[in-house]
Every structure is written in structure tokens, then in C-alpha cells.
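Given next are the chains, with one letter for each unit.
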Amino acid sequence: EVHDGYPCRWGGVVDGKPMVAGLEAFGSRILEQLWNAVQQYFPEEEEEENSLLQDRTLHAAFAEQRLLLFTGRRNLIRQSLTAIKNCKTGGVLLLQGAPGSGKSSLMAALLRELSPKRAVSHYCGAAPRSTQLPHLLTRYCLELKRICRLSVDISEGFQELV
């Protein structure tokens with residue numbers, strides 16, 4: 001692109017070097033064009049999708065690792081699956097227990113039996129920021145937006161998510 005008509009003037013000689021002054025408008029114009037080009041090639045929505053995909057991949061890898069160590073508990077899995085399938089309106093399944101009691105492994109086993117396209121799992125410690133509540137809420141909202149094919153904006157502010 002040709003940039004005609006930008007204001008500049010002779011700035012004199014500084015330290016033996018000729019200087020041009022008044023290039024602020026020209027610099028702003030170039031910076032704006034450069035920023036527009038960067039946004040065209042790397043839109044913000046894509047960054048959000050990449051972050052979500054990275055989180056999803058890390059959580060899936062964490063689940064696969066837990067499945068390698070998981071054995072038994074068929075009755076607990078059967079009871080849990082029955083409870084989930086009897087829930088007609090959807091909802092949230094929360095597994096709680098002492099550290100090391102097998103919560104992550106059980107959740108991975110349940111998800112293996114369910115349709116992973118219709119479930120969102122979250123393992124604390126599986127991905128960066130996965131232990132931070134604002135990130136967890138944002139991730140859940142973005143995953144639900146994807147699963148339910150919603151066209152809504154998801155705020156990243158904690159107060160708006162709560």
C-alpha cells in the first residue's frame with residue numbers, strides 16, 4: 001500500500017545523522033495496518049478455540065493415564081451409570097473423596113462408557129490453571145456452548161460466570 005500525504009518535516013541533524021520529524025501519524029497508520037493483518041491471520045476466537053482444544057486434549061490424556069491403573073469396581077460403575085442414565089434432565093455428577101481414593105480413575109471409566117461428545121470432564125491438575133475456579137467455570141461454559149451448539153458470548157469475568 002502506498003502512503004502518500006503523511007506529514008513529516010526536516011528534523012535537523014542529531015549526532016551527525018539527518019533526522020525526520022512528524023512521523024507519528026505515519027507510524028500510527030503502519031501500526032494499525034500491521035495490527036489488522038495480525039488479527040486477520042490470528043483472530044481472537046481461534047485463540048479461545050486453541051486453548052479449549054489444548055485443555056480438552058490434556059484432560060483426555062490424563063483420563064487415559066488413569067484408565068491404565070484402574071481395575072475392578074464394576075458394581076460402582078454399574079450403579080453410577082444407572083444413576084446417570086435415569087437422570088432425565090441432564091445435570092452434574094460430582095465425585096468426591098479422599099486424595100488417592102480413585103475419583104479420577106472412576107470418572108475416566110464412567111466417561112469411557114458414556115458418550116464423550118455429550119459429557120465434560122475436568123481433572124484438577126491435568127492442565128495449566130485447571131485448579132483455578134474462574135478457569136474451570138469458563139471452560140465448562142465454553143464446552144457446553146460447543147456441545148449444545150449455542151451462539152452466545154461467554155464472559156471471562158468471574159462475577160459474570162457466577
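Before reading further, recall that the structure is shown in the block above.
Conventions we followed
- Residues numbered from 1 in each chain as written.
- Predicted model: local features only at pLDDT ≥ 70, side-chain atom pairs only at ≥ 80, totals over all residues.
- Heavy atoms only, no water.
- Helix = DSSP H or I, 4+ residues; strand = E, 2+ residues; numbered from the N terminus.
- Contact = heavy atoms within 4.5 Å.
- Areas by Shrake-Rupley, 256 points an atom, 1.4 Å probe, with all protein chains shown as cover.
- Salt bridge = Lys/Arg side-chain N within 4 Å of Asp/Glu carboxyl O.
- Buried < 20%, exposed > 50% of the residue type's maximum accessible area, 1.4 Å probe, protein only.
- Core = buried A, V, L, I, M, F, W, Y, C linked by side-chain atoms within 4.5 Å.
- Pairing = 2+ DSSP bridges.

A. Geometry of the overall build of the chain. Counting its regular elements, the chain contains 6 helices and 2 strands. Walking the chain from its N terminus toward its C terminus, one meets helices and strands in the order β-β-α-α-α-α-α-α. The contacts of the chain with a sequence gap of at least 6 include a subset with a gap of at least 24, amounting to 51%. Counting every atom, the chain has about 12,300 Å² of accessible surface; 56% of that belongs to carbon and sulfur.

B. Molecular detail of unusual backbone geometry. Of note in this structure, arginine 73 is not a glycine but carries a positive phi near 60°. With respect to the helices, strands and loops of the structure, arginine 73 is situated in the loop between helix H2 (44-69) and helix H3 (74-86). One non-glycine residue, arginine 149, lies in positive phi territory at about 55°. In this fold, arginine 149 is placed in the loop between helix H5 (133-147) and helix H6 (158-161).

C. Local environment of the pattern of salt bridges. Inspection of every chain in the model, using the stated rule, returns 3 salt bridges. Linking glutamate 143 and arginine 56 is a salt bridge whose minimum nitrogen-to-oxygen distance equals 3.0 Å. Within this pair, whereas glutamate 143 is found in helix H5, its partner arginine 56 is found in helix H2, the two being separated by 87 residues in sequence. Overall, glutamate 143 belongs to the buried group, its relative accessible area being 1%. For arginine 56, a relative accessible area of 25% corresponds to the partly exposed category. Note that glutamate 143 and arginine 146 form a salt bridge whose closest N and O atoms lie 2.7 Å from each other. Here the residue glutamate 143 and the residue arginine 146 both occupy positions in helix H5, the gap between them amounting to 3 residues, near one helical turn. Three or more residues joined by partner-sharing salt bridges are found here, namely Arg56, Arg139, Glu143 and Arg146.

D. The environment of valine 152, seen in detail. Mapped onto the elements, valine 152 comes out in the loop between H5 and H6. Classification of valine 152 by relative accessible area gives partly exposed; the value is 40%. Separated by 11 residues in the primary sequence, valine 152 and cysteine 141 place their C-alpha atoms 10.0 Å from one another.

E. Expanded view of the nonpolar core. Formed by 14 residues in total, the largest nonpolar core has its most connected members in Phe70, Ile77, Leu106, Ala108, Ala109, Leu110 and Tyr123. Those elements that provide at least two residues to this core are H2, H3 and helix H4 (103-113). Considering each element in turn, this core owes the most residues, 6 residues, to H4.

F. Focus on the pairing of strand E2 (residues 17-21). Here 5 bridges tie strand E1 (residues 9-14) to E2, and the two strands are oriented antiparallel to one another. Paired with valine 14 across the two strands is lysine 17, which belongs to E2. As consecutive antiparallel partners, E1 and E2 are separated by 2 residues, and within that stretch aspartate 15 has a phi angle of approximately 55°, a positive value.

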